[in-house]
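Topology and contacts: notes
For reference, the chains in residue letters:
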Amino acid sequence: MKAKFPVLSALALSVGLLSTYAFAANPETVTIGYQKANIFALLKYRGTLDETFKKEGIAIRWVEFPAGPQMLEGLNVGSIDLAATGDAPPAFAQAAKADLIYLGHSPANPKTEAIVVPKDSTINSVADLKGKRVGLNKGSDVNYLLVKALEDAGLNYKDVTPVYLPPADARAAFQKGAIDAWVIWDPYLAEVEANAGAREIRNAEGLVPHYTFYLASRPFAEGHPDTAKQVVDELSKLSDWANKNPDDAAAILSKSTGLDKAIWQTTIKRLPYGASRMTPQVFDEQQALADTFTRVGLLPVKVDVRSATWSLDKK
């Protein structure tokens, strides 16, 4: 009979730990990384999440980042709890052993990124890029678009000369003719089309889905699952509002970024907002992205995307 008591004690301890996990206290502060042009910026300036969390005694600290890779570095070292980036940065972060979780994703939005050339360029197709200088942000979503577009045209990544530049520097290089083509995303895509007459030769339609992913550090997502779920739910409500009120959303993002409201109106027309939990199909598509980057040598190791599955999504 005595042998049963340690088993019962262990069982009681396990139940106690599970109860503690399931009913974890709300965090005092949630730190969210955002970029001026992404959905978390819209959430910040509307203030709805702040209002919701304030009622529960939770404060939000908003931290601005210039791009997704830097934001996910912050997520990895624990300086932020939540982030939203495009497809590529999470794969690079996982390759660097970042302990992150995919909380959810936006609808696919392939029209919001494209390869553009100057309006008077002799380049008329992706095949014409052979031997050309192509500007892009290394490790970004458009890096994946370029690889897939080249392969679709019978070329490979070594057939072009990548010129790795952040958007502001690439915009200047494009204007000066220092690069022959530029692979870029909205709202910078809409801006260069409107103000420099840039001409699209290929967007991501039929090549790559292009998602925004909602991400969390594993300690935050697993330690405060209800709070993390609330954020995804609030992003879904915000998306419904933005899709129904595109002019109001454009006005907010114009103020956030300093870009004309008309630029954002163009962007939002081809950007469906949304927030859904991860599905096997989306994980498969993200795994295809990671495998492609490994194959062409941009990622040094193979990445298991599903290792970043949230425990709430595991069957």
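Look a little higher up for the structure.
Presented here is a report on the structure given in the accompanying data block.

Analysis parameters
- Residue positions are counted from 1 within each chain, in the order its sequence is given.
- Two thresholds apply to this predicted model, a pLDDT of at least 70 for residue-level local features and 80 or more for giving and counting side-chain atom pairs, whereas whole-chain, interface and lining totals are computed over all residues.
- Hydrogens are left out, water is left out, and the side-chain values use all remaining heavy atoms of the structure.
- One side-chain nitrogen of Lys or Arg within 4 Å of one carboxyl oxygen of Asp or Glu is enough to make a salt bridge.
- Per the convention used, a helix needs a DSSP run of H or I reaching at least four residues, while a strand needs a run of E reaching at least two, with both numbered from the N terminus.
- In this scheme, a residue with accessible area under 20% of its type's maximum is buried, one over 50% is exposed, and one in between is partly exposed, where area comes from a 1.4 Å probe on protein chains only.
- Angular values range over 0 to 180 degrees, each being the angle between N-to-C directions of two axes fitted as lines to C-alpha atoms, with helices fitted over their stretch in contact.
- Each angle gets one of four labels, with under 35 degrees taken as roughly parallel, over 145 as roughly antiparallel, 65 to 115 as roughly perpendicular, and the rest as oblique.
- Note on definitions: a residue-residue contact is assigned when non-hydrogen atoms from the two residues lie within 4.5 Å.
- Gly counts as polar in this scheme, as do all residues outside two lists: the nonpolar Ala, Val, Leu, Ile, Met, Phe, Trp, Tyr, Cys and Pro, and the charged Asp, Glu, Lys and Arg.
- This arc is taken over the directions from the axis of the helix to the C-beta atoms.
- Computed over the protein atoms alone on a 1 Å grid, cavities are sets of points where a 1.4 Å probe fits but cannot get out and pockets are open sets with protein on both sides within 12 Å along at least five of seven lines; a residue lines them when it has an atom within 4 Å of a point.
- Grid points are joined across faces, edges and corners, and a volume is the space filled by probe spheres set on the points.
- For any helix crossing, the convention is left-handed if the near helix is rotated counterclockwise from the far helix by under a right angle, and right-handed if that rotation is clockwise.

**Some details on the pattern of salt bridges**
- By the definition in use, this model includes 12 salt bridges.
- In this structure, the salt-bridge partner of Lys 36 is Glu 64, at a minimum N-O distance of 3.9 Å. Within this pair, whereas Lys 36 is found in the loop between β1 (29-34) and α2 (39-46), its partner Glu 64 is found in strand β2 (residues 59-64), the two being separated by 28 residues in sequence.
- Given a relative accessible area of 41%, Glu 64 falls into the partly exposed group.
- The partner of Glu 151 in a salt bridge is Arg 295, and the shortest N-O contact between them spans 2.7 Å. Taken together, the residues span a long stretch of sequence, with Glu 151 in helix α6 (residues 141-152) and Arg 295 in helix α13 (residues 280-295) at a distance of 144 residues.
- Take Glu 151: its relative accessible area is 31%, and that puts it in the partly exposed class.
- Residue Arg 295 is classed as exposed on the basis of its relative accessible area of 53%.
- Three or more residues joined by partner-sharing salt bridges are found here, namely Asp 186, Glu 193 and Arg 270.

**With respect to the packing of α2 against helix α10 (residues 225-244)**
- Interaxial distance between α2 and α10 falls to 10 Å at its minimum, and their mutual angle equals 85 degrees. The angle between α2 and α10 places the two elements in the roughly perpendicular class. Only Val 231, Glu 234, Leu 235, Leu 238, Ser 239, Trp 241 and Ala 242 of α10 make contact with α2, whose side of the interface consists of Ile 39, Phe 40, Leu 42, Leu 43 and Arg 46.
- Here the residues of the contact of α2 with α10 are counted per class, giving 9 nonpolar, 1 polar and 2 charged.

**Re helix α4 (residues 68-77)**
- For α4, every residue scored as buried is listed here: Gly 68, Met 71, Leu 72, Gly 74 and Leu 75. Each buried residue of α4 sits inside an arc of 150 degrees when the element is viewed along its axis, so together they form one side. Across α4 from its buried face, at more than 90 degrees, point the exposed residues Glu 73 and Val 77.
- Looking at the packing, one finds that the buried side of α4 touches β1, β3 (82-86), α5 (88-95), β4 (100-105) and β10 (212-217).
- Following α4 by one or two positions, Gly 78 adopts a phi angle in the positive range, close to 90 degrees.

**Re unusual backbone geometry**
- The omega torsion across Asp 186 and Pro 187 is 5 degrees, close enough to zero to call that bond cis.
- Among the structural elements, Pro 187 can be located in the loop between β8 (181-185) and α8 (188-196).
- Phi at Lys 97 is positive, roughly 70 degrees, even though this residue is not glycine.
- Overall, the relative accessible area of 68% leaves Lys 97 in the exposed class.
- The backbone phi angle of His 210 is positive, close to 65 degrees, even though this residue is not glycine.
- Looking at the secondary structure, you find His 210 in the loop between β9 (199-203) and β10.
- Given a relative accessible area of 6%, His 210 falls into the buried group.

**Focus: the side chain of Asn 109**
- Its location among the elements puts Asn 109 in the loop between β4 and β5 (113-117).
- Judged by relative accessible area, Asn 109 falls into the buried class, the value being 4%.
- Setting aside residues up to four positions removed in sequence, Asn 109 forms contacts with Pro 209, His 210, Tyr 211, Thr 212, Arg 270, Leu 271 and Pro 272.

**Observations regarding the layout of surface pockets**
- Taken as a whole, the largest pocket holds about 980 Å³ of empty space.
- If you trace the largest pocket, you find 42 residues lining it, with Gln 35, Ala 37, Trp 185, Asp 186 and Tyr 188 closest to the centre.
- Listed by contribution, the elements that provide at least two residues to the lining of the largest pocket are α4, β3, α7 (167-176), β8, α8, β10 and α12 (261-269).
- When its residues are assigned to classes, the lining of the largest pocket shows 21 nonpolar, 15 polar and 6 charged.

**Notes on the packing of helix α11 (residues 246-257) against α12**
- Contact pair α11 / α12: the axes reach a minimum separation of 8 Å and the direction vectors enclose 125 degrees. One finds that α11 runs oblique with respect to α12. Helix-helix and strand crossings are classified by hand; for α11 and α12 the assignment is right-handed. Residues Pro 246, Asp 247, Ala 249, Ala 250, Ala 251, Leu 253, Ser 254 and Thr 257 of α11 form the contact with α12, whose participating residues are Lys 261, Trp 264, Gln 265 and Ile 268.
- Counted by class, the contact of α11 with α12 contains 7 nonpolar, 3 polar and 2 charged residues.

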